[in-house]
Amino acid sequence: MDEINHNILYRPSLGDKKLALLLDPEKADLNALPLSSDSHPDFIFVGGSTGGDTTPFVRALREKLSIVNCQLSIILFPGSAAQFTPEADAILYLSLLSGDNPEYLVSQQIKSARRIHTSSVEVIPTAYILIDGGVETSTMRVTGTKPLNPSNAEGIQTIIDTSIAAELMGKQAIYLEAGSGAKTPVSPDIIREVRKNTSVTLIVGGGIRTPEAMQAAYSAGADIVVIGNHFESHPEDLNSFLTAKRSYSAAVLQCSGPTGEAGPSEQRSDDSRFMRLALQEAYKAQDAQEIPIGCVIVSDNRVIGRGHNLTETLADVTAHAEIQAITAASQTLGGKYLPDATLYVTVEPCPMCAGAIGWAQIKRIVYGAPDPKRGYQTYAPRAFHPKATVTSGILEEECRSLIQEFFKSKR
Ligand SMILES: [Zn+2]
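This one's a predicted model, so the numbers in the text were calculated from it and none came from an experiment.

A look at the packing of helix α5 (residues 153-168) against helix α6 (residues 188-197)
- At their nearest, the axes of α5 and α6 sit 9 Å apart, and the two run at 35° to each other. For the pair α5 and α6, the sense of crossing is right-handed. Together, I156, I159, I160, S163 and I164 of α5 and I190, E193, V194 and N197 of α6 make up the contact between the two elements.
- Taken together, the residues of the contact of α5 with α6 break down into six nonpolar, two polar and one charged.

If you want it as structure tokens, here you go:
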């Protein structure tokens, strides 16, 4: 079970994108699935908007997977409490946040709670958010809810606010759904806005029919792309999607360059999660016309200080993101030294900030993009505490392009 937890609960690190195949037990033909040990998606989602107990289907699917020698996690994507089976590996414990129907917001969850609780199925609290994809879907009919409208500013703001609310409620994943058979998938612009404002695993599905559309969703910030309908009618296309996913990951990893100490993969996914929060700070700076650099300081898995660049706002050349975050963290802890903390910053610290990080005795520093022109490594390579360790290259591409776009727009 740990493996699923690890794979899906925490945001995959840069370039490590996932593809899920969605099977509706009422429609899927297991014999037509083009799965083999070297050609398969990362997960199989099982569920549909109608239908009952999925146990027979999950059993048959497991048998099929074992015949083709394919160890895949089977994750329930249930349309109702009745679809739960203790034989799945995990369940997206969905709450339909885009609608105001209490039945799908909370009642179905209560109906299935005890069975899920007494099973060994991994639970992934997930916000399910329907986005208008230009077609009435069976989910809309069954739940009696309307999707959110991505075509005007108010609708987009509601989508973002709903996603923020999801994270505040403690959801570990957000599922943006255009609906099965959608004319248009969730747009990269929407995905990007949700990504900017949240840090949990971002799942996107509905209406994605080409490898290019999948890549666009990945570059906009989706962690997991879900393909359902399309593979039901075109099972032979699976390979071209897998090839596109691999080439996307290879391209991103290549341009991110060397990544410092590798570290255990769990640490790297934690690093991505906190760097995402630092990026949220950087976006705040960008919105305020400041150089977009953000920073968070974490102790015991808890953010104790955050900050973004404020040099223009405060007319103060020392108002760098790291300085703001260090001041905030010291106030949180009530002491000037932060020896147990990790500092995450989107860009390599400058010599001034490296000095401050050293004075605060911070022992672990993680940054996104290097800064060969103004970074500490060129001017003050020994500024950190002697025992400090440094990890670089986390979400590097996004950290760098944020800065590059900023300076391009200033030229
Ligand atoms: Zn600085």
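Picking up where we left off.
A word on the packing of helix α11 (residues 321-333) against helix α12 (residues 351-359)
- At a minimum axis separation of 9 Å, α11 and α12 run at an interaxial angle of 20°. Classified by the angle between their axes, α11 and α12 sit roughly parallel to one another. Seen from above, α11 lies across α12 with left-handed handedness. Contacts between α11 and α12 pair E322, I323 and I326 from the former with C353, A356 and I357 from the latter.

Considerations on the sheet that holds strand β4 (residues 90-96)
- Strand order in the closed barrel formed by eight strands is β1-β2-β3-β4-β5-β6-β7-β8, and the pairing between neighbours is parallel. Adjacent strand axes in the sheet meet at a mean angle of 30°, parallel and antiparallel pairs treated alike.
- Bridging between strand β1 (residues 18-23) and strand β2 (residues 43-46) involves four bridges; their strand directions are parallel. Across the sheet, the residue bridging to L21 is I44, located in β2.
- Against the sheet, helix α3 (residues 102-117) engages β4 and β5 (122-130), with an angle of about 155° to β4.

Thoughts on the confidence of the model for the protein chain
- The predicted model of the protein chain averages 89 in pLDDT, with 92% of residues at 70 or higher.
- A low-confidence stretch, residues 255-263 stays under pLDDT 50, and its non-local contacts, those more than four residues away or across chains, total 18 contacts.

Re the sheet that holds strand β13 (residues 389-392)
- Strand order in the open sheet made by the five strands is β10-β9-β11-β12-β13, with mixed pairing throughout. Of all strands in the sheet, those with a lone pairing partner are β10 (302-308) and β13, marking the two edges. Across the sheet, the axes of successive neighbouring strands diverge by a mean angle of 15°, strand direction being ignored.
- Two strands pair when backbone bridges link them, and strand β12 (residues 364-369) and β13 are joined in this way by four bridges, in the parallel orientation. In the strand pairing of β13, V366 is matched with T391.

Points about the nonpolar core
- Grouped together as the largest cluster of nonpolar side chains are 65 residues, with contacts concentrated most on V46, I75, I129, I174 and V225.
- The element best represented in this core is β4, accounting for six residues.
- Residue contacts for V225: discarding those within four places in its chain leaves L19, V204, G205, I208, M214, A217 and Y218.
- Counting 41 residues, the second largest nonpolar core, distinct from the first, contains A329, L343, C353 and A360.

Rules used throughout
Residues numbered from 1 in each chain as written. Predicted model: local features only at pLDDT ≥ 70, side-chain atom pairs only at ≥ 80, totals over all residues. Axes fitted to C-alpha atoms, helices over the stretch in contact; angles between N-to-C directions. Helix = DSSP H or I, 4+ residues; strand = E, 2+ residues; numbered from the N terminus. Left-handed = near helix turned anticlockwise from the far one by under 90°. Contact = placed C-beta atoms within 7 Å. Nonpolar A, V, L, I, M, F, W, Y, C, P; charged D, E, K, R; others polar. Parallel < 35°, antiparallel > 145°, perpendicular 65-115°, else oblique. Pairing = 2+ DSSP bridges. pLDDT = per-residue confidence, 0-100. Core = buried A, V, L, I, M, F, W, Y, C linked by C-beta atoms within 7 Å. Buried ≥ 20, exposed ≤ 12 C-beta atoms within 10 Å, placed from the backbone.

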